[in-house]
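Close look at the chain arrangement
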Amino acid sequence: EAVGRFVHAQLEGKLGPDERVETRTRWRVPILVDHEGRVHLEVSRLSSRPLRGPTVLRLRVRVDDQVASDMSVTADVRWFRPVLVAVRGMRRGEKLTADLVELKERDITQVRGRYYTDSKQVAGLRMHRSVRGGEVLTDRYTEPIPVVARGAAVQLVVETANLRISADAV
């Protein structure tokens, strides 16, 4: 509980309105206190690494202001927030529409790339890679829909202050 309180105090003011954090603590050795007194737990950071994912912290156990134990603990800090996920599996090249995505709370701790939080953000995008239903959509899976399709007739134009050249192309 002391580690969880420490993590939440460290992240105060850094969480968005829809974000929440869960902390699970792991340690390897039992905490043994061999004399009576008032027990106080102090938690501190070992590095300036962000509190995200598995993070090693120092836990100091004091009994009546004397250090009884000094140990490292791992706080597995998980970040959750509502993000866009695929309603169903989608293939590469498929155009994204509002009915193919939904806002769901997901663990974003290990999400790579920029995730989307609003269906307006995926307007004009298509799938760059295939995804499974329920998977978080990120910019690693999407790409803009090209303005010109392969095989389309276009007009190429080069223009300077004194010259204009154009040609039809496919």
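Presented here is an overview of the structure given in this document. Each chain has its residues counted from 1, following the order in which its sequence is written. At least 70 in pLDDT is required for a residue's local features to be given in this predicted model, at least 80 for side-chain atom pairs to be given and counted, and no such filter applies to totals for whole chains, interfaces and linings, which use all residues. Only hydrogens and water are removed before side-chain values are computed, so all heavy atoms of the structure are retained for them.

Comments concerning the overall build of the protein chain
- Runs of E in the DSSP output that reach at least two residues are strands. Runs of H or I that reach at least four are helices, and both are numbered from the N terminus. Each helix and strand in the protein chain was counted, giving one helix and nine strands.
- Restricting the calculation to C-alpha atoms gives the radius of gyration, and the globule rule supplies 2.2 Å times the number of residues raised to the power 0.38. Taken over C-alpha atoms, the radius of gyration comes to 26 Å for the protein chain, far larger than the 15 Å a tight globule of 170 residues would show.
- Overall size of the protein chain, expressed as C-alpha extent along the three principal axes, is 90 × 45 × 25 Å.
- In this scheme, a residue with accessible area under 20% of its type's maximum is buried, one over 50% is exposed, and one in between is partly exposed, where area comes from a 1.4 Å probe on protein chains only. Counting every position in the protein chain, which comprises 170 residues, the buried fraction comes to 29%.
- The contact definition used throughout considers only heavy atoms, calling two residues in contact when any of these lie within 4.5 Å. Intrachain contacts of the protein chain at a sequence separation of at least 6 include 53% that bridge at least 24 residues.
- Shrake-Rupley sampling with a 1.4 Å probe provides the accessible areas, and residues are treated as covered by the protein chains on show and by no other component. As displayed, the protein chain has an accessible area near 11500 Å², and 48% of this comes from carbon and sulfur atoms.
- Under the counting rule used here, the positive set is Lys and Arg, the negative set is Asp and Glu, and His together with the chain ends is not counted. All charge positions are set by atom: Lys at NZ, Arg at CZ, Asp at CG, Glu at CD. Of the side chains in the protein chain, 30 bear a positive and 23 a negative charge, and the two mean positions are spaced by 6 Å.

Focus: unusual backbone geometry
- For Asp64, which is not glycine, the phi torsion reads 50° and is therefore positive.
- Relative to the elements of secondary structure, Asp64 occurs in the loop between strand E3 (53–63) and strand E4 (66–86).
- Within the chain, Asp65 stands out as a residue other than glycine whose phi angle is a positive 65°.
- When you line up the elements, Asp65 lands in the loop between E3 and E4.

Details of the pairing of E4
- By the criterion of burial, E4 is predominantly enclosed, with 15 of the 21 residues buried.
- Two strands pair when backbone bridges link them, and strand E1 (residues 20–26) and E4 are joined in this way by seven bridges, in the antiparallel orientation. Note that in E4 the partner of Thr25 across the bridge is Ala75.
- The pairing of E3 with E4 spans eleven bridges and is classified as antiparallel. Its bridge partner lying in E4, Arg60 is registered against Asp70.
- Of the pairings in the sheet, the one linking E4 to strand E5 (residues 101–107) comprises seven bridges and is antiparallel in character. From the neighbouring strand, Leu84 faces E5, where its bridge partner is Leu103. Pairs of strands are assigned from DSSP output, requiring at least two bridges between the strands.

Side note on the side chain of Thr55
- With respect to the helices and strands, Thr55 occurs in strand E3.
- With relative accessibility at 4%, the residue Thr55 sits in the buried group.
- Pairs of N or O atoms within 3.5 Å make up the polar contacts considered here, provided that, within protein, one atom can donate a hydrogen while the other can accept it, and that residues adjacent in sequence are counted only when both atoms are side-chain atoms. Within the local environment of Thr55, its side chain forms a polar contact with the side chain of Arg49, the two groups lying 3.2 Å apart.
- There is a polar contact of 3.2 Å between the side chain of Thr55 and the backbone oxygen of Gly53.
- Residues contacting Thr55, with those up to four places away along its chain left out, are Arg49, Pro50, Val73, Thr74 and Ala75.

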